[in-house]
Amino acid sequence: MLDVSLDHINTLYNTVEFSDSNMSYQLYRNTTLGNTLQESLDELIQYGQITPALAFKVLLQFDKSINNALNQRVKARVTFKAGKLNTYRFCDNVWTLMLNDVEFREVHEFVKVDKVKIVACDGKSGDFN
């Protein structure tokens, strides 16, 4: 059995430098779908069904595919208004906002939440093809 986990592969991935034209954001790896994929790949590695290199390629393809799908298929627009901006950060072309008392609106829908964290990236800087 191999003693390699996807945490190890993610660390490797994070240390490799990518130019903006070849990079896809990894934000969606922390979604239910992304976590499930990583757990499945980790299990396949542990049972010797795939190599860590193949798992790495699958994760790269997932990053590209999810970014491309969201860029091409999502057309909905949502506006929001926050009562308070707690913190904000801009690092590596990514905005992170921590907001309180936030109202979200979409045409006929309205939702109010106490706290929200928004991570926003430039959708045009990643490789979506």
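- As recorded in an unreviewed UniProt entry, the chain goes by the name Transcription initiation factor IIA subunit 2, listed as coming from Drosophila virilis.
- Under the heading Subcellular location (unreviewed entry), UniProt records this for the chain: "Nucleus".
- Quoted verbatim from the Sequence similarities (unreviewed entry) field of the UniProt record, the comment on the chain reads "Belongs to the TFIIA subunit 2 family."

## Digging into the environment of D42
So, point 1. Secondary-structure assignment places D42 in helix α2 (residues 32-46).
So, point 2. For the pair D42 and P52, spaced 10 residues apart in sequence, the C-alpha separation works out to 8.5 Å.

## A few points about the pairing of strand β1 (residues 79-91)
So, point 1. In this sheet, strand β2 (residues 94-106) lies alongside β1 in antiparallel orientation, the contact comprising 11 bridges. Within β2, the residue paired with L85 across the bridge is L99.

Criteria and cut-off values
Residues numbered from 1 in each chain as written. Predicted model: local features only at pLDDT ≥ 70, side-chain atom pairs only at ≥ 80, totals over all residues. Heavy atoms only, no water. UniProt positions renumbered as here; feature names shortened; annotations may be inferred. Helix = DSSP H or I, 4+ residues; strand = E, 2+ residues; numbered from the N terminus. Pairing = 2+ DSSP bridges.

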